[in-house]
Amino acid sequence: DWRCTVYPFAGNSEAVDLAPLNYVGVPAVLMFRPDLSLVTLLGIDPASDYLNPNTWTGTTGFCFRNRALPPQYRAGGGKLTAGIEYALPLQVFLSDAGTSPAAVSRLVQDWIKANRYQVEPVSIRTPAEALALYLKGRMNTNMWKPGQGYQLQDAWRAIYVPVSPQSAYFEYLLYEQTGDELWRTRCFEQLDFVLTAQLREPGPLCGYIHTCYLLNEKQFNSDDRGSNPGYKVDMNLHTARYLLQTWQHVKQREGIDRQDWYQAAVQAVDWALAQQNPDAGLPQKLDYGTLRKSISVCSGRTLAALPLIARITGDAKYTKALDGLEQFLRRSVEDRYWFTGQHPDLYPGDFESDSIWCSCEYWLDKYDRTQDAECLARAKANAYFAFLMLCPKQLSWVRN
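Every value quoted in this text rests on a predicted model; they were computed, and no experiment measured them.

Quick notes on the rules
Residue positions are counted from 1 within each chain, in the order its sequence is given. Where totals are concerned, whole chains, interfaces and linings use all residues; where local detail is concerned, this predicted model gives features only for residues with pLDDT of at least 70, and gives and counts side-chain atom pairs only at 80 or more. Only hydrogens and water are set aside when side-chain values are computed; all heavy atoms of the structure are taken into account. Residues are said to line a cavity or pocket when one of their atoms sits within 4 Å of a point; the points come from a 1 Å grid over protein atoms alone, cavities being sets where a 1.4 Å probe fits but cannot get out and pockets being open sets with protein on both sides within 12 Å along at least five of seven lines. Grid points are joined across faces, edges and corners, and a volume is the space filled by probe spheres set on the points. Each helix is a run of DSSP H or I of at least 4 residues and each strand a run of E of at least 2, with the numbering of both proceeding from the N terminus. Under the scheme applied, nonpolar residues are Ala, Val, Leu, Ile, Met, Phe, Trp, Tyr, Cys and Pro; charged residues are Asp, Glu, Lys and Arg; polar residues are all the others, including Gly. When DSSP locates at least two bridges between a pair of strands, those strands are taken to pair. Lines are fitted to the C-alpha atoms to define the axes, a helix being fitted only along its stretch in contact, and any angle between axes, read from their N-to-C directions, falls within 0 to 180 degrees. The criterion used for residue contact is that any of the two residues' heavy atoms lie within 4.5 Å. Residues enter a nonpolar core if they are buried and are Ala, Val, Leu, Ile, Met, Phe, Trp, Tyr or Cys, with the set joined through side-chain atoms within 4.5 Å. Here's how the labels work: a residue is buried when its accessible area is under 20% of the maximum for its type, exposed when over 50%, partly exposed in between, all with a 1.4 Å probe on protein chains only. A carboxyl oxygen of Asp or Glu within 4 Å of a side-chain nitrogen of Lys or Arg is what we treat as a salt bridge. How far a helix is expected to stretch is found by multiplying one less than its residue total by 1.5 Å. Roughly parallel refers to an angle under 35 degrees, roughly antiparallel to one over 145, roughly perpendicular to one between 65 and 115, and oblique to any angle outside these ranges. Left-handed is the label given to a crossing in which the near helix is rotated counterclockwise from the far helix by less than a right angle, and right-handed is the label when the rotation is clockwise.

A.B. asks: Where do I start with the layout of surface pockets in this structure?
C.D. replies: In this approach, a probe sized like a water molecule rolls over the atoms, and the result shows the empty space that is left. The computed volume of the largest pocket comes to approximately 300 Å³. Contributing to the lining of the largest pocket are 20 residues, with Y160, V163, M235, R301 and P344 lying nearest its centre. Contributing elements (two or more residues each) for the lining of the largest pocket: β11 (156-160), α3 (163-178), α5 (233-254), α7 (300-313) and α9 (354-370). With 4 residues, the single largest contributor to the lining of the largest pocket is α5. Residues belonging to the lining of the largest pocket are distributed by class as follows: 10 nonpolar, 4 polar and 6 charged.

A.B. asks: How should the sheet that holds strand β2 (residues 10-13) be read in this particular structure?
C.D. replies: Strand-to-strand pairing in sheets goes through backbone hydrogen bonds, with the strands running parallel or antiparallel. Pairing within the open sheet is antiparallel, and its 5 strands lie in the order β2-β1-β4-β5-β8. Lying at the two open borders of the sheet, with one neighbouring strand each, are β2 and β8 (90-95). Across the sheet, the mean angle separating the axes of adjacent strands is 20 degrees when strand polarity is ignored. In terms of strand pairing, strand β5 (residues 39-44) meets β8 through 6 bridges, oriented antiparallel. Paired with L42 across the strands is V92, a residue of β8. Of the strands in this sheet, β4 (28-32), β5 and β8 are in contact with helix α1 (residues 100-114), which crosses β8 at around 145 degrees.

A.B. asks: I tried to follow the nonpolar core on my own but got confused; where do I start?
C.D. replies: Buried together is how nonpolar side chains tend to be arranged in soluble globular proteins. Judged by nonpolar contacts, the single largest core of 83 residues is most densely connected at Y337 and F385. Among the elements that make up this core, the one with the highest residue count is helix α6 (residues 259-273) (10 residues). Look past the residues within four positions of F385 in its chain and what remains in contact with it is T5, L30, V104, Y337, F339, F351 and I356. Counting residues in hydrophobic clusters, the runner-up holds 14 residues, among them C4, A10, V16 and L21.

A.B. asks: Please explain the pattern of salt bridges as it appears in this structure.
C.D. replies: Charged atoms that come close allow side chains of opposite charge to pair. Scanning all chains against the criterion turns up 19 salt bridges. The residue D192 makes a salt bridge to R258 at a minimum N-O spacing of 2.6 Å. One end of the pair, D192, is in helix α4 (residues 181-195); the other, R258, is in the loop between α5 and α6, and 66 residues separate them in sequence. Under the relative-accessibility criterion, D192 is labelled partly exposed at 31%. Residue classification places R258 among the buried residues on the basis of a relative accessible area of 18%.

A.B. asks: Just to check I follow, could you spell out empty space enclosed by the protein for this structure?
C.D. replies: In total, this model carries 3 cavities of 30 Å³ or more according to the counting rule given. Its volume calculated, the largest cavity comes out at about 70 Å³. Surrounding the largest cavity, T5, V6, Y7, V26, A28, V29, L30, L41, F385, L388 and M389 form its lining. Along the lines of polarity and charge, the residues of the lining of the largest cavity split into 10 nonpolar, 1 polar and no charged. Its boundaries defined by the atoms lining it, the second largest cavity holds a volume of some 60 Å³. Looking at the second largest cavity, the residues that line it are S100, P101, V104, E334, Y337, F339, A381, N382 and F385. Looking at the lining of the second largest cavity, the elements with two or more residues in it are α1 and α10 (373-390).

A.B. asks: What is the right way to read unusual backbone geometry from this model?
C.D. replies: The omega torsion across Y7 and P8 is -5 degrees, close enough to zero to call that bond cis. Cis geometry marks the peptide bond from A19 to P20, where omega comes out at -5 degrees. Looking at the secondary structure, you find P20 in the loop between β3 (15-18) and β4. Residue A280 is not a glycine yet carries a positive backbone phi of 80 degrees. When you line up the elements, A280 lands in the loop between α6 and β15 (282-283). Here the phi dihedral of L291 falls at roughly 65 degrees; this positive angle occurs in a residue that is not glycine. Take L291: it is sitting in the loop between β16 (285-286) and β17 (296-297).

A.B. asks: Where do I start with the environment of L214 in this structure?
C.D. replies: Mapped onto the elements, L214 comes out in strand β12 (residues 212-214). Spatially, the C-alpha atom of L214 lies 6.7 Å from that of I159, the residues being 55 residues apart in sequence. If we ignore the near neighbours within four places in the chain, the residues touching L214 are W156, R157, A158, Q219 and N221.

A.B. asks: Looking at this model, I keep getting lost on α9. Mind explaining?
C.D. replies: Side chains three or four residues apart in an α-helix point the same way, a direct result of the helix having 3.6 residues per turn. Compared with an ideal rise of 1.5 Å per residue, which puts 17 residues at 24 Å, α9 spans 26 Å between its outermost C-alpha atoms and is within 8% of the ideal. Of all the residues in α9, the buried ones are S355, I356, C358, S359, C360, Y362, W363 and K366. One or two residues past the end of α9 sits Q371, with phi positive at roughly 60 degrees.

A.B. asks: Explain the packing of α4 against α5 to me, please; I cannot follow it from the model alone.
C.D. replies: When two helices pack together, their arrangement is captured by the angle between the axes and the distance separating the axes. The interhelical angle for the contact between α4 and α5, taken along N-to-C directions, is 135 degrees, at an axis separation of 12 Å. Taken together, the axes of α4 and α5 are oblique relative to one another. Crossing geometry of α4 relative to α5 is assigned as left-handed. In this structure, α4 uses R184, C187, F188, L191 and V194 to contact α5, whose residues at the interface are T239, L243, T246, V250 and E254.

A.B. asks: Would you take a moment to explain the side chain of T340 for this structure?
C.D. replies: Assignment of secondary structure puts T340 in the loop between α8 (316-334) and α9. A relative accessible area of 3% means that T340 is categorised as buried. With residues near it in sequence (within four places) discarded, T340 still touches V297, C298, S299, P348, G349, D350, F351, E352 and S355.

The analysis is restricted to geometry; functional conclusions fall outside its scope.
Written out as structure tokens, the structure is:
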């Protein structure tokens, strides 16, 4: 048995049929046996213009079917042209390390070395210059809605509720640094508005915090641009994390105990953790009508949040809940090279690179707590896997 992962089209898949092969980051597919006894990075030499839209190589494809068709790259898209030399230089990297972190780290490092990959330098502002420019824009933006929060983007007239506590925590830190009351006022207004998004009626949704506030309609929902409606689990943990961090910071600095922030956060956490699936993972969402749970996803925000939540609340049950989620991360995400669920407006099984970074945050934080070298190795391995997804081919007509 073999499985194939190629971003963003297939993850842990027994069959793949791609034509043309584009938007894949590193031009390679990860082939692996389910027991991880052998992991292979099978790729095209990135020196070849396999994606050049002005040549035949723009129709390069890839095909594989477990136990039926070996993995193979295909040229021409079924329409070969006279006078073209259809040759595609391939590269094969192998690892029998036996674990997913060791295998992917070694394979990617070997790919980088063999292809002499280098990131071109860019000229950027200093951090201080960038922050000053950002704050000037943030202070004056018309996206700020007094008493509510920041509109997420021009194209969608909505405040995305889970972003608000994170924004509020950031702005309270700005208030500490600058002494400008504007940032403290915005911090408090955002958190107070978040509380109005919480469902408090007794029942299976008690404690849940809606994710969207539609400015035109003046109402809350969890439609997430209308493309993936449902009650979002990971987003509630993210909301609760920054509610608690801001509550703690304000209490320590000013002696003000906003128990309404604290209680809202704890209720949201307890609701979210109660949704755990039998496989120990968390669903991305619950169906609006039936409350049926989706498949379990990476839930990276939850992984990063729970150690902080456990420390702030002093409640050991949150540490215990983390144990099952970590096992799901190891077994069903990292060992399958299958990171999903980060975008709440995309379907639960959507395979995308953003799901990786919160897991890196989790492992780095755990390394800081425990000094366990395996944690650092897993963070690095996940970052290397993201390199496969995000690193652009060094195309002849593209710089940086």
